[in-house]
Amino acid sequence: MKGNIPIAKPVRKFVFHAEEILDTQIVITRDKDAPLAGSLIDKFTYPVENDYIVFPAHYIGLIKDFIIAKQVMTLLVKGAAAKRKEYRVLSFNEDCVYNGLRQIYLDALKDEAKKEKKLPVNKLIEMLFILYLQFHEDLNELPWNPVTNTGVYMRLPKIRKTQLYYLMKEGKEDMDEMIEQMDIVPRRYFVLSKAMFYARDYFLAKTLPADELMPVINIPQMKKFNHLEVKEMLTTRWTQTAWYQSKVFGDSMLTIMDSSIVNDWKAEPDLDYYYNLYRITRRLTDNLLSYMTMSDWFVWEPFKHMQDSLQKKNEYEQKALQRIFGDLIL
Amino acid sequence: MPDKEALAWIQKGRAYAGKKRFKDALRAYDKAIALDPACAPGWFAKAEIAAEQGDFDEALALCDKALARDPNYADAWSKKGLCLFSLDRFEEALAACTRALALNGNDPTAWYIKGVSLDELGRPVEAQEAFGKSLELEIITDMEAEKKRTGR
């Protein structure tokens, strides 16, 4: 381990454990501009010689330790898959983008038909790919979250209080995402996005266990659904709200998480152990995609494929729009 | 009270340090010290840079210089604790942080270094208490920063 930063003993041991398992050196550094969740620049993804973990400079104590621990867990899972030559990310190609944009457009049309104040056509078209990329990003990240968090919780009991604070903060931020676009984004996608985060928080609340993570208690918009009876929900105006629908979809996604994230957390943490966590992450991603009928929106490919696709994203968008709208788009 | 002009150089140095222009920062701090050799913040600011660059022996010596000029300089005791911890001198780190906390009980770094030092010394129960206090202060700071950032 390289870095001039004091780190709590259990976290330091965990870093050494990762270095031993993956036969690597981890460089830990602080940066005032680092994202709040820290960042991982690993040699399985980027052309670098060591693995780097960067955390925000203003975190000095246990929050910093938790961020490092979570990134180390992510590195272990990625690294184990890479060592088996099986590390893949969700990427996309021309057909994927067409499938995604077409579906979002059809759903948007259904929503627009019911709206009094219609969205201008150019705004609607612009929104399609932005929303598609948002789901691409979320689905590349979200399924890792319950897996790595559970892993950290099981391996590092001494930083559990810090983890709980961090997760509450993260949950709140994720629930706030997209709210400003609530009236623009087709209802189905707003609900699915919220439902994913709801399911993640609920899963962690059950696993950690931490009552404070319950979305129905912690998220202002969800509060009214706490202790609401099914009969009451089915017979009142609640059924029409996006937040109620998020809860219903979120409960289904929670079932998917429960059945996908099955692991012997107390097993010997060797390369097989972390590789199994990678397989769980992929299984969960596939199951969520299937549930949201997005299976043909993305493909599993090496990281380089995704980098290339992101380079070509504007070209893919244009081609997809032409396939959907024909000459009307010119 | 340190010389006003010396303090202005320290402020300038901090602005450089914030941009990672450490050489410029050190030059500014040296000017401050030249103007007022008794200026503890000047020595302490130099210690901060040495610690940032991983030279904990040098940082420790600079903290001692700051403390020789102002024995009640809480931040210098806290930084000294951090340096001693990084040099695996856990007993001394614990003593330095205890002194820092006697001067300023709301220093999350001092509580944290106290926690990690106690943990290294095989005193986990006391370590947890120190970690608890450090986390509490860090959360307060984080929530205030969040409020400022989002305006809520």
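Above this text sits the structure in question.
Keep in mind that this is a model prediction, so the values were computed, not measured.

Asks: Can you help me understand the sheet that holds strand β1 (residues 26-31) of chain A in this one?
Replies: Pairing between sheet strands relies on hydrogen bonds along the backbone, with the strands arranged either parallel or antiparallel. Residues and elements named next belong to chain A. Taken in spatial order, the 3 strands make up an open sheet running β1-β3-β2, and their pairing is mixed. Both edges of this open sheet fall to β1 and β2 (39-41), since each of them pairs with a single strand only. Across the sheet, the mean angle separating the axes of adjacent strands is 20° when strand polarity is ignored. Pairing between β1 and strand β3 (residues 51-56): 6 bridges, direction parallel. Note that in β3 the partner of Val27 across the bridge is Tyr52.

Asks: Just checking my understanding: could you explain the nonpolar core for this structure?
Replies: General note: in soluble globular proteins, nonpolar side chains tend to be found buried as a group. Ranked by internal contacts, the top residues of the largest apolar core, which has 143 residues, are A:Tyr132, A:Phe135 and A:Leu139. Counting residues per element, this core draws most heavily on helix α2 (residues 62-83) of chain A, at 13 residues. Setting aside its immediate chain neighbours within four residues, A:Tyr132 contacts A:Phe92, A:Cys96, A:Val97, A:Gly100, A:Leu101, A:Ile104, A:Trp297 and A:Phe298. The next biggest cluster of nonpolar side chains, apart from the first, holds 9 residues, and it includes B:Ala6, B:Ile10, B:Ala25 and B:Ala32.

Asks: I'm lost on the interface of chain A and chain B in this one. Help?
Replies: The figure often quoted for interface size is the accessible area lost as the parts come together. Each partner contributes to the interface: chain A provides 26 residues, whereas chain B provides 27 residues. At the surface where chain A touches chain B, the tally comes to 4 salt bridges. Between A:Lys158 and B:Asp119 there is a salt bridge, with the nearest N and O atoms lying 3.4 Å from each other. Listing elements by their share of the side of chain A that touches chain B, those giving two or more residues are α1 (9-22), α2 and α6 (160-176) of chain A.

Asks: Whenever I open this one, helix α1 (residues 4-18) of chain B confuses me. Can you help?
Replies: Along an α-helix, residues three or four positions apart point the same way, because every turn accommodates 3.6 residues. Residues and elements named next belong to chain B. With 15 residues, α1 extends 21 Å between its outermost C-alpha atoms, agreeing within 8% with the 21 Å of an ideal straight helix rising 1.5 Å per residue. Where α1 is concerned, the buried positions are Ala6, Ile10 and Gly13. One face of α1 carries all of its buried residues, which in axial projection span an arc of 60°. Facing away from the buried side of α1 by more than 90 degrees, the exposed set consists of Lys4 and Gln11. The inward-facing, buried residues of α1 abut α2 (22-35) and α3 (40-52). Lys20, located one to two residues past α1, shows a positive phi value of around 60°.

Asks: Hey, could you run me through a nonpolar patch on the surface in this one?
Replies: Residue and element names in this part refer to chain A. Among the surface-exposed residues, Val248, Phe249 and Tyr291 lie close enough to one another that they form a single nonpolar patch of about 220 Å² accessible area. By secondary structure assignment, the location of Val248 is in helix α10 (residues 242-260). Taking the relative accessible area as the measure of exposure, Val248 reaches 37% and is therefore partly exposed.

Asks: Honestly, the packing of α1(A) against α2(A) in this entry has me stumped. Any pointers?
Replies: The description of two packed helices rests on the angle between their axes and on the distance between the axes. Residues and elements named next belong to chain A. Contact geometry for α1 and α2: axes closest at 10 Å, N-to-C directions at 15°. The orientation of α1 relative to α2 falls into the category roughly parallel. Judged by the sense of rotation from one axis to the other, the crossing of α1 with α2 is left-handed. When α1 is examined against α2, the residues Val11, Phe14, Val15, His17, Ala18, Ile21 and Leu22 are found in contact with a partner set consisting of Asp65, Ile68, Ala69, Val72, Met73, Leu75, Leu76, Gly79, Ala80 and Lys83. Grouping the constituent residues of the contact of α1 with α2 by class yields 13 nonpolar, 2 polar and 2 charged.

Conventions we followed
Residues numbered from 1 in each chain as written. Chains lettered and ligands numbered in written order. Predicted model: local features only at pLDDT ≥ 70, side-chain atom pairs only at ≥ 80, totals over all residues. Heavy atoms only, no water. Pairing = 2+ DSSP bridges. Helix = DSSP H or I, 4+ residues; strand = E, 2+ residues; numbered from the N terminus. Axes fitted to C-alpha atoms, helices over the stretch in contact; angles between N-to-C directions. Core = buried A, V, L, I, M, F, W, Y, C linked by side-chain atoms within 4.5 Å. Buried < 20%, exposed > 50% of the residue type's maximum accessible area, 1.4 Å probe, protein only. Contact = heavy atoms within 4.5 Å. Salt bridge = Lys/Arg side-chain N within 4 Å of Asp/Glu carboxyl O. Expected span 1.5 Å × (residues − 1). Arc of directions from axis to C-beta. Patch = residues over 30% accessible without salt bridge, like charges linked within 9 Å, V, L, I, M, F, W, Y side chains within 5 Å. Areas by Shrake-Rupley, 256 points an atom, 1.4 Å probe, with all protein chains shown as cover. Parallel < 35°, antiparallel > 145°, perpendicular 65-115°, else oblique. Left-handed = near helix turned anticlockwise from the far one by under 90°. Nonpolar A, V, L, I, M, F, W, Y, C, P; charged D, E, K, R; others polar.

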